[in-house]
Amino acid sequence: MEGMTDTPQRTQDEVAAALRAGRDLGPEYDDAVAASLVERIDGTIDERVRHHVAQHTKDTDRSGIPANTARFVLTLVFMGLSIPLTAIAGGTAGTVGVVALWLGLVVFYLVSVLGLRR
């Protein structure tokens, strides 16, 4: 985000300018100078929060679950189901059934993992 590197210096300059203006204007303008300074600092804080939220949002999946966690859970489910399905396919269709099952499982897994990367 542009302007994030010079924000502390800019804020310090604004505070110094507000203090000088307060001294020049006199005590009757203290409240106005303070209100102006608070608005500027609030803007800076809002900008920083937006920047950090954008960084965090970019790192997570749309559902709010980190993509690595979703892939890990998918892998565990895939491995847990593959063993009993292999036994069933081998018992009912033999070697051809096991090969067909594993081709289907690998394609399903690859499509699922690639879909999580979007």
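Residues numbered from 1 in each chain as written. Predicted model: local features only at pLDDT ≥ 70, side-chain atom pairs only at ≥ 80, totals over all residues. Heavy atoms only, no water.

Caption draft 1: Quick look at the overall build of the chain. Secondary structure assignment for the chain yields 3 helices and 0 strands. When the elements of the chain are put in sequence order from the N terminus, they spell out α-α-α. Per-residue burial over the chain gives 21% buried out of 118 residues. Looking at the chain alone, contacts between residues at least 24 apart form 65% of all its contacts between residues at least 6 apart. Carbon together with sulfur atoms contributes 65% to the accessible area of the chain, which is approximately 8,800 Å² in total. (Helix = DSSP H or I, 4+ residues; strand = E, 2+ residues; numbered from the N terminus. Buried < 20%, exposed > 50% of the residue type's maximum accessible area, 1.4 Å probe, protein only. Contact = heavy atoms within 4.5 Å. Areas by Shrake-Rupley, 256 points an atom, 1.4 Å probe, with all protein chains shown as cover.)

Caption draft 2: Spotlight on a nonpolar patch on the surface. A cluster of nonpolar side chains, contributed by Phe72, Val73, Leu76, Val77, Leu81, Leu85 and Ile88, occupies part of the molecular surface with about 650 Å² of accessible area. Checked against the element boundaries, leucine 76 lands in helix α3 (residues 67-116). (Patch = residues over 30% accessible without salt bridge, like charges linked within 9 Å, V, L, I, M, F, W, Y side chains within 5 Å. Salt bridge = Lys/Arg side-chain N within 4 Å of Asp/Glu carboxyl O.)

Caption draft 3: Fine view of the packing of aromatic side chains. Enumeration over the complete set of coordinates arrives at 2 aromatic pairs. Where phenylalanine 78 meets tryptophan 102, the ring centres are 6.2 Å apart and the plane angle is 90°; that geometry is what we call edge-to-face. A relative accessible area of 12% places phenylalanine 78 in the buried class. (Phe/Tyr/Trp six-rings, centres within 6.5 Å; stacked < 30°, edge-to-face > 60°.)

Caption draft 4: Inspection of the confidence of the model for the chain at higher detail. Predicted confidence across the chain gives a mean pLDDT of 79, with 85% of residues reaching 70 or more. The least confident element of the chain is helix α1 (residues 7-25), whose mean pLDDT is 77; the most confident is α3, at 86. (pLDDT = per-residue confidence, 0-100.)

Caption draft 5: Spotlight on the environment of arginine 71. Locating arginine 71 in the fold gives a position in helix α3. Residues arginine 71 and tyrosine 109, 38 residues apart in the sequence, show an inter-C-alpha distance of 9.6 Å.

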